[in-house]
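Structural features, examined
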Amino acid sequence: MKVLVTGGAGYIGSMVCIELLNEGHDVFIVDNFSNSEMGTITKIMGITGKMVQYANVDITDRTALEVIFRSYQFDSVIHLAGKKSVSESIENPLQYYYDNLIGTVMLVQLMQQYDVQSIIFSSSATVYHPASICPIQETATLKSSSPYGRTKLAIENFFRELTAAHSNFSVVLLRYFNPIGAHSSGEMGEKPLEVPNNLLPYLMDAVSGKRPILEVFGNDYDTVDGSGVRDFIHVEDLAKGHIKALYYSMQNTGCEAFNLGSGTGYSVLQLIDTFAKVNEIDVPYHIGLRREGDIPVSFADISKAQRFLGWRPNKTLEEMCIDAWRWQLKLLKEQHVEAQIVFPSKKTV
Ligand SMILES: NC(=O)c1ccc[n+]([C@@H]2O[C@H](COP(=O)([O-])OP(=O)(O)OC[C@H]3O[C@@H](n4cnc5c(N)ncnc54)[C@H](O)[C@@H]3O)[C@@H](O)[C@H]2O)c1
């Protein structure tokens, strides 16, 4: 199949491209490199030994995007491009609605115009009501507490209405929980150019001395150790879910949502402890106050994805931590900042 991957140079998109290429599909990446580097595309080709076509295009640039649709007949689109920081979305909702929502509408306009009827969309667990009962099922009430989450929700609603009106259209909404880890080759992983949005980049910044210390937001929740509980999933497992979703989309029309998580909740302190243990390194952290808007516990029911997509995650929390740190060490070496690792490491960097 020929697949257009928007945001294909990003953290998750690059792993999706590797899985697509390994499965024998052709990949065309559209990315504006606002939160990624062109060098990632070379790495994707190096890891897979396959060619990738790409264009430095913003998905809100309809004219530039149309040139691509006019030149290639795609079988499907995997749509990951967008802005993803909750805090930034509170400061700049206009940018978030424009990029995420308008960008998606333009993409779908062109899909219709050029007869592409399948799309896999990167949604998020943030669309679920903060008081959802865990494990969270896809049928749980949807209500997001941030502008970022509401752009995802608005796009989901848009797709539901679109498929109701156009019965031959196929949309798979993938609701990611907390992707972490890096490619097992050690060659690729998260390298946020913008403010990081997730726990692990902050944790690794604290270990490597880029930040003084990791702040854990609250230890007085009603959980195993008082810290928040999340569903961490290895980014490679997550990427594989997209391939299964692509095959599902080829055989089904309509709009269907699937959770992609590990299905297990781990606390923030359990993650820190596991990271420290498997990498034999100390993680400097302190307990801070609860952060406004954080929910105590969130983890997925993944039985729908298992049943309908035939997908299941395989990687453990230990593997997520090992792969993440291996990638971080490579990055630090590239940046010649070994000396800045200030906390005692039992392993040679
Ligand atoms: N990482 C997570 O924890 C997480 C969780 C849930 C959902 N998601 C969603 O998954 C998708 C991918 O996330 P990621 O973690 O890989 O993020 P990322 O920032 O690493 O990747 C997004 C990519 O899209 C590109 N991009 C951004 N705006 C664009 C635009 N207007 N036009 C073209 N390219 C653009 C960026 O340069 C980047 O390469 C996003 O839609 C995000 O909202 C991520």
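Residues numbered from 1 in each chain as written. Predicted model: local features only at pLDDT ≥ 70, side-chain atom pairs only at ≥ 80, totals over all residues. Heavy atoms only, no water.

Spatial strand order, β3-β2-β1-β4-β5-β6-β11: seven strands in an open sheet with parallel pairing. Two strands lie at the open edges of the sheet, namely β3 (53-56) and β11 (254-260), each paired on one side alone. Averaged over all pairs of adjacent strands, the angle between strand axes in this sheet comes to 20°, irrespective of strand direction. In the sheet, strand β4 (residues 76-79) pairs with strand β5 (residues 118-124) via three bridges, with the strands oriented parallel. Residue I78 lies in a different strand from β5, and its bridge partner there is I120. (Pairing = 2+ DSSP bridges. Helix = DSSP H or I, 4+ residues; strand = E, 2+ residues; numbered from the N terminus. Axes fitted to C-alpha atoms, helices over the stretch in contact; angles between N-to-C directions.)

Around the ligand sit 27 residues in total, of which D31, N35, S36, K84 and Y148 are the nearest. Side-chain polar atom of D31 to an oxygen atom of the ligand: 2.6 Å apart, as the coordinates give it. Between the ligand and the protein, one listed contact pairs a nitrogen atom with a backbone N or O atom of I59 at 2.9 Å. In isolation the ligand offers 820 Å² of accessible surface; the protein chains occlude 96% of this area. Mapped onto the shell around the ligand, the elements with two or more residues apiece are α1 (11-22), β5 and α6 (147-165). Counted by class, the shell around the ligand contains 11 nonpolar, 11 polar and five charged residues. (Near = heavy atom within 4 Å. Polar contact = N/O pair within 3.5 Å; in protein donor to acceptor, adjacent residues only side chain to side chain. Areas by Shrake-Rupley, 256 points an atom, 1.4 Å probe, with all protein chains shown as cover. Nonpolar A, V, L, I, M, F, W, Y, C, P; charged D, E, K, R; others polar.)

Turning our eyes to something else, we now look at the confidence of the model for the chain. Residues of the chain with pLDDT of at least 70 account for 95%, and the chain-wide mean is 94. pLDDT under 50 marks residues 339-349. Its contacts with residues more than four places away, or in other chains, come to 26 contacts. (pLDDT = per-residue confidence, 0-100. Contact = heavy atoms within 4.5 Å.)

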